[in-house]
Amino acid sequence: MARYIFITGGVVSSLGKGLMAASLAALLQARGYKVRIRKFDPYLNVDPGTMSPYQHGEVYVTDDGAETDLDLGHYERFTGVSARQSDNVTSGRVYQDIITRERRGDYLGATVQVIPHVTDEIKAFALADTDDLDFVLCEIGGTVGDIESLPFMEAIRQLRNELEPFQTLSVHVTLVPYIAAAGELKTKPTQHSVRELASLGIKPDVLLCRSEHEIPLGERRKIANFCNVRIESVIPALDAPSIYSVPLQYHQEGLDSEVLRGFGITDAPEPDLSRWDDVTDRYFNPEGEVTIGVVGKYVGLQDAYKSLNEALVHGGLANRVKVNIQWIDAEVFEQEDADITAQLEPLHGILVPGGFGERGSEGKIASVRFARERGVPFFGICLGMQMACVESARLAGHTSASSTEFGETDEPVVGIITEWMTEEGLQEREAGGDLGGTMRLGAYDAKLSANSHVSTIYGGATEISERHRHRYEVNGAYKDALEETGLIFSGMSPDGLLPEIVERPDHPWFVGVQFHPELKSRPFEPHPLFDGFISAALTQSRLV
Ligand code: GLN
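Looking at an unreviewed UniProt entry, one finds the protein named CTP synthase, with Pontixanthobacter aestiaquae as its source organism. Annotation of the protein in UniProt includes, under Sequence similarities (unreviewed entry), the sentence "Belongs to the CTP synthase family." You can read under Pathway (unreviewed entry) in the UniProt record for the protein the words "Pyrimidine metabolism; CTP biosynthesis via de novo pathway; CTP from UDP: step 2/2."

As structure tokens, then:
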């Protein structure tokens, strides 16, 4: 029987609920339990796929092709459990499903209402496909009191009555701010937030109190009294020096024991936290450092490249080095007086990440050229690989080489494909169709050339599966021209039609991939491409 932990947030947003959920799941997993984490997003977009990275941060893509909230990336990285489409639902999707059914006449003349139809849909989502699990953690996006999240709160309230006693638990994440002028920690916002939650019929069992300062016993007692919880259930959650310290820190504060106690579980095995000890040891005791330049478009907001940032850190953990990331706005290289050499020369590796649209593309192409000519380790991801191919095509004499994503071109080195085969059959897209949910999304296999550099990086494998999120492809018609410049197509889709990986055997480390390897990297299993890239950067750091 699966047990359910509902995680809500109060006082302010950005308290790190996602990380908290991931850390709690990791602690339960360390005790041998099978866990899964789900995210409920109260906004009306059907999924975050069409939202700007500036609004919403990165769009995290699952193996089964869902475009989801970036918190699912935290969940995967902390638990190693691959997220699925069914692990993220938005109000938009709930309403879309209900309205589709209503138009079909499925409600047989009934009035369709928030209670019970919307709440039933939310409950069904929480309960679906959980038979083989010990714990399901459900994180509700937003802050208690938001109008948008009311149906989700109501669904939780109902579930707490409908499921067995000791089968559900409510964890509320709040803020205990420090008022410098008074020199005091303030518990009132927490009291108000818990009252708000109680007014919705949910009494929290555990309070996780984010704070910049130690919360003394007196304050904890006060919170316990006013908020109607045991004092042991008031868990301080102080700012951590690294996200990797969070599970260990919460364990020390007793979070997992208190959660288990809330379920009436007294005979849980002690957690095996050795892999967290190892990760934190590597993170806090590096034996060197490298500096990587990420030349992209959304560099002002690091959440836009969340998984990439993490995967680079994982590459550092694998090599026991600290990775300094320099976020470089590609557009800067398009200005007339730009001194590309001065900016890129000190770097030990250059990475051009995924992205959309023309803005900054010439700057990215210029960075590829610098890395190629100067023998600096280069890693191109998705749009980054496409730009590497455009750069090589120009080298081959196709001077107007471009991508049709940026407008009409007579040299479409990167272009849209409207048909491709998958196991499910022919997939078709209209060139001018909807933007939502119409990309090549999710896990696709690729075949690697034996003896290629990437095959070595993948430990000798010749078949891999990686996650995709793109609308355009490198045009196979340019393969010969590009290979003549030394850019080898070392990974292709299994039918041999779509280029998946390019590399330059005559270069210390030059790899472009059409997929997003950063989505599958985990601190305990750094992705081989990031491991290899950081290792090459380390070699480069000894040269410059
Ligand atoms: N904009 C490019 C495409 O749609 C690349 C996408 C990406 O980098 N994720 O193909």
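What follows picks up the thread again.
1. Remarks on the packing of aromatic side chains
Taken as a whole, this structure holds 17 aromatic pairs when the rule is applied. Relative to Tyr305, the ring of Tyr298 lies with its centre 6.0 Å away and its plane at 45 degrees, an arrangement referred to as tilted. Residue classification places Tyr305 among the buried residues on the basis of a relative accessible area of 5%. Members of the aromatic cluster, connected to one another through ring pairs, are Phe78, Tyr244, Trp276, Tyr283, Phe284 and Phe524. Seen from the ring of Phe125, Arg38 lies directly overhead, with NZ or CZ sitting 5.6 Å from the centre.

2. Structural notes on the sheet that holds strand 25 (residues 510-513)
Across the sheet, nine strands lie side by side as 13-12-14-15-25-24-23-20-21; this open sheet has mixed pairing. Looking at the sheet topology across the chains shown, the edges are occupied by strand 13 (322-329) and strand 21 (463-470). Going from strand to strand, the sheet's axes swing by 25 degrees on average, the running direction of each strand aside. For strand 14 (residues 349-352) and strand 15 (residues 378-381), the ladder comprises three bridges, and the chain directions are parallel.

3. Quick word on the state of the cysteines
Within this structure, the stated rule accounts for zero disulfides. With no disulfide partner, Cys227 has as its closest neighbouring cysteine sulfur the one in Cys209, 7.8 Å distant.

4. Points about the nonpolar core
Side chains of a nonpolar character, in soluble globular proteins, are inclined to be buried together. Within the largest apolar cluster, 49 residues are counted, with the highest numbers of intra-cluster contacts made by Ile5, Met20, Phe135, Leu137 and Leu255. Per element, the largest residue contribution to this core is 10 residues, and it comes from helix 1 (residues 17-30). Those residues within four positions of Phe135 in sequence are excluded, and the remaining contacts are Arg3, Ile5, Leu28, Tyr33, Lys34, Val35, Arg36, Leu260, Phe263 and Ile265.

5. Let's talk about the site of the ligand
Surrounding the ligand, one finds Gly354, Gly355, Phe356, Cys382, Leu383, Gln386, Glu405, Arg469, His470, Arg471, Tyr472 and His516. Here Leu383 contributes a backbone N or O atom positioned 3.0 Å from an oxygen atom of the ligand. The contact in question runs from an oxygen atom of the ligand to an N or O atom on the backbone of Arg471, over 2.9 Å. Breaking the shell around the ligand down by element, the ones donating at least two residues are helix 15 (383-395) and strand 21. Classifying every residue of the shell around the ligand by side-chain character gives four nonpolar, five polar and three charged.

6. Some details on the sheet that holds strand 17 (residues 412-416)
On the basis of which strands lie adjacent, the open sheet formed by three strands has the order 16-17-22 and mixed pairing. Because the sheet does not close on itself, it has two edges, and the strands there are strand 16 (402-403) and strand 22 (472-474). Across two bridges, strand 16 lies against strand 17 in parallel orientation. Its bridge partner being in strand 17, Ser403 is matched across the sheet by Val414.

7. Some details on the pairing of strand 17
One ladder, built from three bridges, connects strand 17 with strand 22; its direction is antiparallel. Its bridge partner being in strand 22, Ile416 is matched across the sheet by Tyr472.

Cut-offs used in this document
Residues numbered from 1 in each chain as written. Predicted model: local features only at pLDDT ≥ 70, side-chain atom pairs only at ≥ 80, totals over all residues. Heavy atoms only, no water. UniProt positions renumbered as here; feature names shortened; annotations may be inferred. Phe/Tyr/Trp six-rings, centres within 6.5 Å; stacked < 30°, edge-to-face > 60°. Buried < 20%, exposed > 50% of the residue type's maximum accessible area, 1.4 Å probe, protein only. Lys NZ or Arg CZ within 6 Å of the ring centre and 35° of its normal. Pairing = 2+ DSSP bridges. Helix = DSSP H or I, 4+ residues; strand = E, 2+ residues; numbered from the N terminus. Axes fitted to C-alpha atoms, helices over the stretch in contact; angles between N-to-C directions. Disulfide = S-S within 2.5 Å. Core = buried A, V, L, I, M, F, W, Y, C linked by side-chain atoms within 4.5 Å. Contact = heavy atoms within 4.5 Å. Near = heavy atom within 4 Å. Polar contact = N/O pair within 3.5 Å; in protein donor to acceptor, adjacent residues only side chain to side chain. Nonpolar A, V, L, I, M, F, W, Y, C, P; charged D, E, K, R; others polar.

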